[in-house]
Amino acid sequence: MIPANFQYTRAGSVDEAVGMLQEHGDNAKLLAGGHSLLPAMKLRLNQPGVLVDIGRIPELRYIRNNGDHIAIGAAATHDDIANSDAFGNELDMFPQAAGLIGDTQVRNKGTIGGSLAHADPAADWPAVILASNATIVVKGPGGERHISAGDFFTGFFETALADNEILTEIRVPVPSGNTRSAYAKFMQPASRFAIVGCAAMISADGDTCSGASIAFTGVSDAAFKDNNVSSALEGNTLNSGNIESAANGAAQGVDIMGDHFASEDYRQHLARVFAGRAISAAIG
Amino acid sequence: MTYIGKSVKRVEDKRFLTGKGRYTDDIVLPGMTYACIIRSPYAHAKITGIDTSAAEGMEGVVAIFTGKDIAAAGVNGVPCGWQVNFKNGDTMKEPPHPLLVADVVKHVGDNVAMVIAESREIAKDAAEMVEIDYEELDAVANAAKAVKDGAPQVHPDAPGNLCFDWELGNPKEEVDAAMDAAHHITKLDFTNQRLIPNAIEPRSAIGHYESAGDKYTLYTTSQNPHLTRLLISAFVLGIPEHRVRVVAPDVGGGFGSKIFHYTEEALVVWASKQINRPIKWTAERSESFMTDAHGRDHVTTAEMGFDAEGNIVGLRVNTLANLGAYLSTFAPCVPTWLHGTLLQGLYTTPKINVDVTGVFTHTTPVDAYRGAGRPEATYLLERLLDTAALEMNMDPAELRLKNFIPPFDGVEQEGYATQVALQYDSGNYHRVLERALEMVGYDDFRKEQAEARANGKYLGIGFSTYIEACGIAPSAVVGALGARAGLYEVGQVRVQPTGKVSVYTGAHSHGQGHETTFAQVVADKFGIALDDVEIVHGDSESVAFGMGTYGSRSLAVGGSAIIKSIEKVLEKGAKIAAHKLEAAEGDLEFAEGKWTVKGTDKSIGFGDVALTAYVPHDYPEGLEPGMDFSSFYDPANFTYPFGAHIAIVEVDKDTGSVKLKRFIAVDDVGNVINPMIVDGQIHGGVAQGIGQALFEGAIYDENAQLINGSYMDYTMPRADDLPAFEIDRTVTPCPHNPLGVKGAGEAGAIGSTPAVVNAVMDALSPFGVKNLEMPLTPERVWRAMQ
Amino acid sequence: MNVKINLTINGKSYSDEVDSRTMLALYLRDELGLTGTHIGCDTSSCGTCTILVDGKAVKSCTMLAAQADGSNVTTIEGIAQNGNLHPIQEGFKEKHGLQCGFCTPGMVMLAADLLDRNPNPNEQEIRHALEGNYCRCTGYHNIVESIQYAAEKMNG
């Protein structure tokens, strides 16, 4: 449980951190809360030569309601988000998901930016980020770029983030109209990661679903948005029969993971169950 | 001033609560070095080459040892402390368990080399630089597969991977005849899965050789330091015992896994002499998973026969016990004498036969884990009973009450002789079940269950009524059964000149609260304040001898040894008091801390008598000065706690998740010295038993790799998995020890597991499900409902 | 590869040079001799190393000493005031919330974080808050009662 040797440096600003990444190249890794990276380093699964600590950059830790969107600084901790009232009823899935990550200590230290950059296929945030149609803001030597959530998660522990870029902010559009959201999770009992995590954002016009956005984590080798479920809901009355039949189309046509906690077909079944639970919870 | 029977707050708590506990890894010695053990990544492989040169060249590396060094030094492997013979009389197979393997590794985590360096960091870095070449061989992890023809062989001298075969009870023909005549037979095939103990403190050992006095000290996370000293000195390293001191300081939980003598303990002692500096080794959690002795792992077929009225007429059991790759210290005794002997349960079963085969596999050694053999026996019996009740359309509680052995106190009524070699001491089995039924509100529950089912909710209730044999153990009896040690205990009582009392016990506390419970007994017997008593344990230099703590033995055996010494003190004290009071000894009575001449107000206090013993100016003629007695207590019998546990669960139809809603435990552990501590022992045991039912279990793949060897993969109960426990007790004193106590450490873990599984089976009965393998994970339960 | 750190631990200032890779738990234990903070696993799972950093419970086995530079750290050794047990410590003693004592420091420090956020938690809230701390001895029953005792006492 002792990492291999490395050099520790701390960046005081995003620009300084970008400069440090440039300087050290592939050899460097960003350290935010450290709750994804340090465990891997302790087991020597990851042996970077340089750690650039961005966990203390004050300009990265905030949650702001900017009217049409909520801006979450990359160094906001899970606990910050779990206890934030910036998200309102529409985006309640954010504090809900935050409160289901790890445990108190992990939430106190782990950050949303670190979790997203790590892109663990069983992490909670990717589902919520996808369902909310968020934009990921990253900064590199060439300046800032915006990546839509749908383009960000590219595979098993892989993202669209370049080696010399820093994830700085998550921008979550505030939905218009009558919109509600929820996150429902079936936990892997040992690690508390998601076997299935489903984020659902539902807009309603009276009793009718006017828009739906459903995303899963834990089910496949990367989080994904489930358009089968959302299109089955859209335009239909939000009653239990319709929710169940939409949920039954969950996780079709994706490569489903299996392990000793949940085989592929059981996971698929859970995806249906938790799609139903997340949608039902969202519409209250 | 009485302490016995009161929930006295623990004496030891202050140091633990303020961060002043002293665990092995907390100890730092001048000049200390740090060891990292390089372990086999393969379950079965030939070591074809080891290159230590790069590591040896690193700054801060002190020494590197391999299996060749150990072999060249003539160091033995760690021995086994219990012998079970084959049915034909042949001695069990007992292959060597080397400290470092030179040729063929036999389980993942097997020791291959030891790197010693100036710091933990350097040791770890250097270990990565040691290059080891392996030729991987086929491996087998499962006992049922290991006994098949053509299975990979663990040891060349144990053909068929057989360690022993063993049988107990009535002759097989008699049991077969009883079963043939049965009206109904309930049969279950199941695995009592392998558990990994996971004391939260990882094992640690510090070896310290001091050349000046040619003296060896071992600090270690042990439940029985004296036994470790005996094994290291006499069997492994051949060092004179009086030159070896073993200290087990504060120990962070054991649950059996810290009973055994481990290779790392001998390694740090041996290597400390080679480098002439102290060496500390502390396990990483992944090492704990790979090398702490595991528990359970039985593959069993069990059949119980009943007559038309539901009376049990016979029991037939066949078990394959997975022993792992090597024989751990008490491994052979667990599936045999601690398992087969418990198959009478609480019932009047007239014919019982149990057949056990001990099997080697390419896995971590298996040995005693909380309950050790008795949970396996109880699981088997209690699952059979609830299943039989279902099959025969009888009430599971009624079926038990019908078959219970009638009450007996062991004084007026004789102890109960079982078909499987034991003589139960005292019991009143109806009383615990009746009390538990009252607590659960049985009739109301059945109504609630029926209503819930009608609404698509699946509730279940499960029963378990258990007995266990603990207070381990009468030496002559266990000797006849294969133990290579006596299982008495030692208690020394030293009254200091001022009347303060130091007690030295061979029992070892690693959570049990001996410093409080034992002090309560001593303070009461002498009529002095609790504060005036100190309990010393865990250091072979201060405690004369001891057999340690396991098998719920500390108070029943260790406490009894202390009582013997207390009696010797009081006997001598009376002589001194009589002299000082100028009265005959027979005219004195001792109460409330003083000797009084009966019918007078003439008295002398305990402290004055103690002072007189050490300042013997005016003193009985011929009497030795001083007041310090040591006693060995060898129990006349095991003790037999028993109880009734009831679980209520709800199964989520959609996911298969099991929610434990209530857990009721009524236990009878004999007399109770400190109810608060006994309740705590029950809580902890119950939680571990629930862990086996719902969460825990080692999983090996086809290459005998442990695939859930970390806390990210091995599930243990957390606070929000468990309800508040509802517990009560009855008291049936043990008739054969002076305190009338039976032991409480394992009871919870023995009783609880089948109650939970039975409850889930009850919930699933509308689906026609009769048996599922533990742990009852959501997927298993969900599949069963499909 | 060393790094300089300045931090306050249990009210005392420390200025030190540590190896970059030194975890805060090992810094406390090996460098400062504050061995009340224990290490029970390799995967940030068991919670026995829990301490307070700037008032929040964190797992000190998963935080570099370097990351604690400039922080205010409280460990089990520093929670008692003026020689009196903290109400949480007292609760664990009164309600027998500990047996072997190994997980206890982490439990106490986690409880401090919980009661800071929620001075009056119910049983379910306490059980939920303990999700990152394993105890193998007590079955948690008395730990829950210990924290309830502390809450009552702290609410006066």
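Every value quoted in this text rests on a predicted model; they were computed, and no experiment measured them.

Participant: Describe the packing of aromatic side chains, with residues and values.
Facilitator: Scanning the model with the defined rule gives 35 aromatic pairs over all chains in all. Aromatic side chains Phe404 of chain B and Tyr429 of chain B sit 6.3 Å apart centroid to centroid with 70° between the ring planes, which places their arrangement in the edge-to-face category. With a gap of 25 residues between them, Phe404 of chain B in the loop between helix H11 (396–403) and strand E16 (416–417) and Tyr429 of chain B in helix H12 (residues 429–440) connect regions that are remote in the sequence. Here the two residues Phe404 of chain B and Tyr429 of chain B agree in accessibility, since each one is buried. Plain terms: the ring middles of Tyr416 of chain B and Tyr424 of chain B are 6.1 Å apart, the flat faces sit at 35° to each other, and that makes the pair tilted. Taken together through their ring pairs, the aromatic side chains of Tyr347, Phe404, Phe408, Tyr416, Tyr424, Tyr429, Tyr640 and Phe642 of chain B make up a single cluster. Between the NZ or CZ atom of Arg277 of chain A and the centre of the ring of Phe274 of chain A, over which it lies, the distance is 5.1 Å.

Participant: Can you lay out a nonpolar patch on the surface for me, pointing to particular residues and giving the numbers?
Facilitator: Residues and elements named next belong to chain B. A cluster of nonpolar side chains, Leu611, Tyr614 and Val615, forms an exposed patch at the surface whose accessible area comes to about 230 Å². Position of Leu611 relative to the elements: it lies in helix H17 (residues 606–614). By relative accessible area, Leu611 is classed as partly exposed at 42%.

Participant: Report on the interface of chain B and chain C, specifying residues and quantitative values.
Facilitator: At the interface, 53 residues of chain B touch 44 residues of chain C. Note on chain B versus chain C: buried area summed over both sides is about 4300 Å², and carbon and sulfur give 55% of it. The interface formed by chain B and chain C contains 5 salt bridges. We note a salt bridge from Asp26 of chain B to Arg29 of chain C, for which the minimum N-O separation is 2.8 Å. Summed over the shared surface of chain B and chain C, the number is 28 residue pairs in polar contact (both at pLDDT 80 or more). Counting residues per element, the side of chain B that touches chain C draws most heavily on helix H18 (residues 675–694) of chain B, at 8 residues. Partitioned by chemical class, the residues of the side of chain B that touches chain C number 23 nonpolar, 14 polar and 16 charged.

Participant: Lay out the sheet that holds strand E27 (residues 658–668) of chain B with the relevant residues and their values.
Facilitator: Residues and elements named next belong to chain B. Spatially, the 4 strands line up as an open sheet ordered E18-E26-E27-E28, and their pairing is mixed. Edge positions in the sheet fall to strand E18 (458–467) and strand E28 (726–729), since each has one partner strand and no second. Averaged over neighbouring strand pairs, the angle between their axes works out to 10° when direction is ignored. Two elements, E27 and E28, share 4 bridges in a ladder whose sense is parallel. Bridge pairing links Asp667 to Arg729 in E28. Contacts from helix H19 (residues 747–763) reach E18, strand E26 (642–651) and E27, with the element oriented near 150° to E18.

Participant: Give me the lowdown on empty space enclosed by the protein, citing residues and values where you can.
Facilitator: Over the atoms rolls a probe the size of a water molecule, and its path tells where empty space is left. Residue and element names in this part refer to chain B. Taken as a whole and assessed by the stated rule, the structure comprises 10 cavities of 30 Å³ or more. By volume, the largest cavity is sized at about 760 Å³. What lines the largest cavity is a set of 50 residues, among which Thr549, Gly551, Ser552, Arg553 and Gly745 lie closest to the centre. Those elements giving two or more residues to the lining of the largest cavity turn out to be helix H15 (514–526), helix H16 (554–581) and H18. Split into classes, the residues belonging to the lining of the largest cavity amount to 26 nonpolar, 19 polar and 5 charged.

Participant: Any chance you could break down the nonpolar core for me, citing the residues and the numbers?
Facilitator: Counting 211 residues, the largest nonpolar core has Trp82, Phe663 and Ile690 of chain B as the members making the most contacts within it. The element best represented in this core is H19 of chain B, accounting for 9 residues. A domain split of this core shows at least three residues from each of domain 1 (2–78) and domain 2 (87–154) of chain C. Those residues in contact with Trp82 of chain B that lie beyond four places of it in its chain are Met92, Thr329, Phe330, Pro332, Cys333, Trp337, Val478, Leu481, Gly482, Ala483, Arg484 and Leu487 of chain B.

Participant: Describe the interface of chain A and chain B, and please don't skip the residues or the numbers.
Facilitator: Listed by partner, the interface residues are 23 residues for chain A and 24 residues for chain B. Taking both partners together, chain A and chain B bury about 2000 Å²; carbon and sulfur atoms supply 51% of that area. Three residues, Arg44, His260 and Tyr266 of chain A, lead the burial of chain A against chain B; their summed loss comes to 28% of the area buried on that side. For the pair chain A and chain B, the number of links is 6 salt bridges.

How each quantity is defined
Residues numbered from 1 in each chain as written. Chains lettered and ligands numbered in written order. Predicted model: local features only at pLDDT ≥ 70, side-chain atom pairs only at ≥ 80, totals over all residues. Heavy atoms only, no water. Phe/Tyr/Trp six-rings, centres within 6.5 Å; stacked < 30°, edge-to-face > 60°. Helix = DSSP H or I, 4+ residues; strand = E, 2+ residues; numbered from the N terminus. Buried < 20%, exposed > 50% of the residue type's maximum accessible area, 1.4 Å probe, protein only. Lys NZ or Arg CZ within 6 Å of the ring centre and 35° of its normal. Patch = residues over 30% accessible without salt bridge, like charges linked within 9 Å, V, L, I, M, F, W, Y side chains within 5 Å. Areas by Shrake-Rupley, 256 points an atom, 1.4 Å probe, with all protein chains shown as cover. Salt bridge = Lys/Arg side-chain N within 4 Å of Asp/Glu carboxyl O. Contact = heavy atoms within 4.5 Å. Buried area = accessible area lost by both parts, 1.4 Å probe. Polar contact = N/O pair within 3.5 Å; in protein donor to acceptor, adjacent residues only side chain to side chain. Nonpolar A, V, L, I, M, F, W, Y, C, P; charged D, E, K, R; others polar. Pairing = 2+ DSSP bridges. Axes fitted to C-alpha atoms, helices over the stretch in contact; angles between N-to-C directions. 1 Å grid on protein atoms, 1.4 Å probe; cavity = no way out; pocket = protein on both sides within 12 Å on 5 of 7 lines; lining within 4 Å. Points joined across faces, edges and corners; volume = space filled by probe spheres on them. Core = buried A, V, L, I, M, F, W, Y, C linked by side-chain atoms within 4.5 Å. Domains from an automatic or database assignment.

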